[in-house]
Amino acid sequence: MDRQDYKVVSIVMLALLLLTRIPAMSNYLSIDNVNLALSLEKFDPRISQPQPPGYPFFVAFGRLVNFIFRDAGRTFVVIPILVTGLSLLAAFRLGSRMFSPWAGVAGAFLLLVNPVAWHSDLDGPLRPTLALFSLLTAYCCWRCWNGEKRFALLGAVALGIGSGFRPDLGAYLFPVWLISSWIGTKSWRTVLQGIAVLAVIVAVWIAALVIAMEGIANFRNVMFGYAVEQSRAESVVLGSSLVAWLRQVNRLVIWNGLAIVGWIWAVPFYFRNRDHLPLRSSQSVFLFLWLVPGLIIQALIHIGAPGHTLFSVPAFCILGGYILSLIRGRDVVLASALVFNVMLFLDYFPLPAGAEDPLTRGAPSMKNAMIFGTFESSIGQVRFLDDVTRVTLKEIREFTPADRQSIIISTDMPYDQWFMQWQVGRYYLPGQDFWVLSSKMEKKNAEHIRRDQVIEARQGVPVKVPIFPQGRILWLIEPNGAFYKQLATASPPFSIDGFEFVPSTGSDHGIQ
């Protein structure tokens with residue numbers, strides 16, 4: 001490839017990045033993205049602005065971009081495109097150094113149309129940073145591994161900054177950085193300097209969190225509580241059932257497998273090529289260190305969304321570029337792999353009628369897990385969530401009376417069927433009042449919320465929730481769930497699951 005070839009490839013890749021992302025972007029923010037949007041106004045993970053662990057460097061970066069665009073929606077379109085563009089460049093540079101320029105280009109194209117990466121760009125701005133900082137750290141580590149000693153410290157900088165965007169990256173990639181630094185420098189002094197640099201950067205973003213949460217005690221309680229709450233249900237380390245843990249492993253395998261399935265069928269052709277070059281031991285060990293520690297941590301602790309695998313997906317794409325680079329007719333084979341990835345993302349293999357979600361009840365089914373795992377990383381999932389939000393907001397606006405007071409009552413409890421959550425509703429209906437009912441560790445709570453403000457909080461046995469005697473109540477709850485079924489047969493005053501709904505005056509609602 002000469003300089004002109006690189007220019008053509010760069011233009012094509014940029015055009016494809018814009019064409020595949022901008023027209024397909026999600027029209028509504030998800031719960032996590034609502035929290036991120038509110039953090040651009042006030043940074044406080046105690047009230048989920050954003051949700052713990054807080055992502056302090058991302059919030060700072062988001063505020064910088066938002067200073068230009070002055071709108072969270074536009075900001076959250078620009079950030080994933082910018083981040084993914086840099087990720088493609090990093091994938092090309094790393095693939096070129098580890099294998100060959102053609103392999104680097106192929107790996108970048110595979111990442112561009114990888115269903116998980118594509119879905120994550122459309123879904124929100126945060127998770128694509130996993131891919132970028134995984135690639136930047138791996139790039140520095142590989143150069144250090146091959147004797148360029150200054151990259152030990154640069155790798156520490158990349159990992160430290162990346163952990164401020166996504167703290168889990170620190171756990172995933174510290175082993176590859178540590179071993180690469182030692183192999184490349186053979187100097188404990190340099191390794192300790194790198195650890196010091198990493199520690200200083202980590203201390204900066206931890207200090208930002210402690211200040212935002214007003215103390216170390218709050219920081220510790222919020223972080224530990226959130227980690228346990230998010231992971232306990234399916235983490236074998238935290239005591240989940242074997243069935244629940246197997247569901248988590250299913251997702252880990254399938255979402256990473258989407259980075260392999262497009263090219264794995266070419267492996268036999270690779271071995272049939274007598275001129276093929278096997279992976280050197282250094283390349284194999286490096287890929288192992290890049291991938292395996294993080295995959296083990298995710299399998300044991302938590303993986304809840306396709307984008308969580310973006311630290312490992314780029315490595316599989318680069319490996320795929322290498323495999324394809326050494327078979328005959330590689331241009332045609334690469335094109336076939338890219339087309340297959342596009343088909344997966346565009347929901348060419350849709351959910352069959354009556355398919356049962358494998359992530360809810362019963363023993364995990366690999367067939368169902370593959371079907372749903374593919375759907376959850378496709379354009380179909382993006383459009384499904386958009387439709388739910390659009391229809392729900394439309395109905396709320398239609399049923400909100402213009403001549404009477406109204407309030408929305410919702411729940412913050414486990415559910416089996418997806419519905420628009422109250423966090424999304426309060427963002428798009430900033431003037432609307434919500435009562436949010438929650439039950440955590442057998443403790444009942446009710447909070448009166450308007451946008452990002454908690455106006456009133458109530459506890460008790462039962463928790464008394466005031467409702468209008470004349471105004472309108474809108475219920476934003478799981479369709480046909482347990483709460484819905486009890487509500488369908490009730491009339492005020494009534495009690496449901498420890499919450500007592502009592503008609504009262506408007507002043508009891510805190511509504512002006």
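Residues numbered from 1 in each chain as written. Predicted model: local features only at pLDDT ≥ 70, side-chain atom pairs only at ≥ 80, totals over all residues. Heavy atoms only, no water.

J.: Please clarify how the overall build of the chain should be interpreted in this entry.
T.: Per the secondary structure count, the chain includes 20 helices and 8 strands. Taken over C-alpha atoms, the radius of gyration comes to 25 Å for the chain, in line with the 24 Å a tight globule of 512 residues would show. In terms of its C-alpha atoms, the chain occupies a principal-axis envelope of roughly 80 × 55 × 45 Å. Burial analysis of the chain (512 residues in total) assigns 51% to the buried set. Considering only residue pairs separated by 6 or more positions, the chain has 73% of its internal contacts joining residues 24 or more positions apart. On the chain, roughly 23400 Å² of surface is accessible, and the fraction owed to carbon and sulfur atoms is 63%. Looking at charge distribution, the chain has the averaged site of its 43 positive side-chain charges lying 9 Å from that of its 35 negative ones. (Helix = DSSP H or I, 4+ residues; strand = E, 2+ residues; numbered from the N terminus. Rg over C-alpha atoms; globule rule 2.2 N^0.38 Å. Buried < 20%, exposed > 50% of the residue type's maximum accessible area, 1.4 Å probe, protein only. Contact = heavy atoms within 4.5 Å. Areas by Shrake-Rupley, 256 points an atom, 1.4 Å probe, with all protein chains shown as cover. Lys, Arg positive; Asp, Glu negative; His and termini not counted. Charge placed at Lys NZ, Arg CZ, Asp CG, Glu CD.)

J.: Looking at this structure, how should I read the pattern of salt bridges?
T.: Between side chains of opposite charge, a pair can form as their charged atoms come close. On inspection of all chains with the given rule, the structure shows 16 salt bridges. Notably, a salt bridge pairs D32 with R127, separated by 3.4 Å at the nearest N-O pair. Of the two residues, D32 sits in helix α2 (residues 31-39) while R127 sits in the loop between α6 (115-123) and α7 (128-145), which places them 95 residues apart along the sequence. With relative accessibility at 29%, the residue D32 sits in the partly exposed group. With its nearest N and O atoms 2.8 Å apart, the salt bridge here joins D433 to R450. In this pair, D433 is assigned in the loop between α19 (422-428) and β2 (434-440) and R450 in strand β3 (residues 443-450), connecting sequence segments 17 residues apart. Several salt bridges share partner residues, and in doing so they unite R97, R143, E148 and R150 into one network. (Salt bridge = Lys/Arg side-chain N within 4 Å of Asp/Glu carboxyl O.)

J.: What is the right way to look at helix α10 (residues 188-212) in this model?
T.: Taking 1.5 Å of rise per residue, the 25 residues of α10 would be expected to cover 36 Å, and the 36 Å separating its terminal C-alpha atoms lies within 8% of that figure. Within the span of α10, buried status applies to T190, V191, G194, L198, I201, W205, L209, V210 and A212. Following α10 by one or two positions, E214 has its phi on the positive side, about 60°. (Expected span 1.5 Å × (residues − 1).)

J.: Honestly, unusual backbone geometry in this entry has me stumped. Any pointers?
T.: Backbone phi values are negative for most residues with the exception of glycine, while trans is the configuration of most peptide bonds. Across the junction of Q49 and P50, the peptide omega takes the value -5°, indicating a cis bond. For P50, the location among the structural elements is in the loop between α2 and α3 (56-69). Between P52 and P53 the backbone carries a cis peptide bond, its omega angle lying at 10°. Structurally, P53 is set in the loop between α2 and α3.

J.: Mind showing me how you'd approach the pairing of strand β1 (residues 406-412) here?
T.: For a regular strand, side chains alternate in direction, first toward one face of the sheet and then toward the other. Counting buried positions over the 7 residues of β1 gives 6, a clear majority of the element. Of the strand pairs in this sheet, β1 and β2 are connected by 5 bridges, and their pairing is parallel. Note that in β2 the partner of S410 across the bridge is V436. Once you follow β1 into α19 and on to β2, the crossover reads as right-handed. (Pairing = 2+ DSSP bridges. Right-handed = clockwise from strand over helix to strand, strands pointing away.)

J.: What is the right way to read a nonpolar patch on the surface from this model?
T.: On the surface, V236, V237, L238, I296, L300 and I301 cluster together into a nonpolar patch covering about 440 Å² of accessible area. Counting through the fold element by element, V236 comes out in the loop between α11 (216-231) and α12 (242-257). (Patch = residues over 30% accessible without salt bridge, like charges linked within 9 Å, V, L, I, M, F, W, Y side chains within 5 Å.)

J.: Teacher, can you tell me more about the sheet that holds strand β7 (residues 494-496) here?
T.: Consider a sheet: its strands pair through backbone hydrogen bonds, and that pairing is either parallel or antiparallel. Sheet architecture is open: 3 strands sit in the order β5-β8-β7, paired in mixed fashion. One side of each edge strand has no neighbouring strand; the edge strands of this open sheet are β5 (463-467) and β7. Recorded for the sheet is a direction-independent mean angle of 30° between the axes of neighbouring strands. As defined by bridge partners, β7 adjoins strand β8 (residues 499-503) across 3 bridges and the pair is classed as antiparallel. The partner of I496 across the bridge, within β8, is F499. (Axes fitted to C-alpha atoms, helices over the stretch in contact; angles between N-to-C directions.)

J.: Could you clarify how one ought to interpret the sheet that holds strand β6 (residues 472-476) in this entry?
T.: Reading across the sheet, the 5 strands line up as β4-β3-β2-β1-β6 and stay open at both edges, with mixed pairing between neighbours. The two strands at the open ends of the sheet, each matched to only one other strand, are β4 (453-459) and β6. Going from strand to strand, the sheet's axes swing by 25° on average, the running direction of each strand aside. When β2 meets β3, the two strands line up antiparallel, connected through 7 bridges. When the sheet's bridge partners are listed, S439 is paired in β3 with K444.

J.: I would appreciate a short explanation of the side chain of S39 in the present structure.
T.: Inspection of the secondary structure puts S39 in helix α2. Reaching out from S39, the side chain makes a polar contact with the backbone oxygen of L36 at a distance of 2.6 Å. Setting aside its immediate chain neighbours within four residues, S39 contacts Q49, P50, V59 and R63. (Polar contact = N/O pair within 3.5 Å; in protein donor to acceptor, adjacent residues only side chain to side chain.)

J.: Would you mind going over the packing of aromatic side chains with me for this structure?
T.: How two aromatic rings sit relative to each other is set out by the distance from centre to centre and by the angle between their planes. Taken as a whole, this structure holds 21 aromatic pairs when the rule is applied. Here the aromatic rings of W475 and F501 are separated by 5.4 Å at their centres, their planes lie at 70°, and the arrangement is edge-to-face. Taken together, the positions of W475 in strand β6 and F501 in strand β8 put the pair 26 residues apart, joining distant regions of the chain. Each residue in the set F58, F61, F133 and F165 is aromatic and connected to the rest through ring pairs, giving one cluster. (Phe/Tyr/Trp six-rings, centres within 6.5 Å; stacked < 30°, edge-to-face > 60°.)

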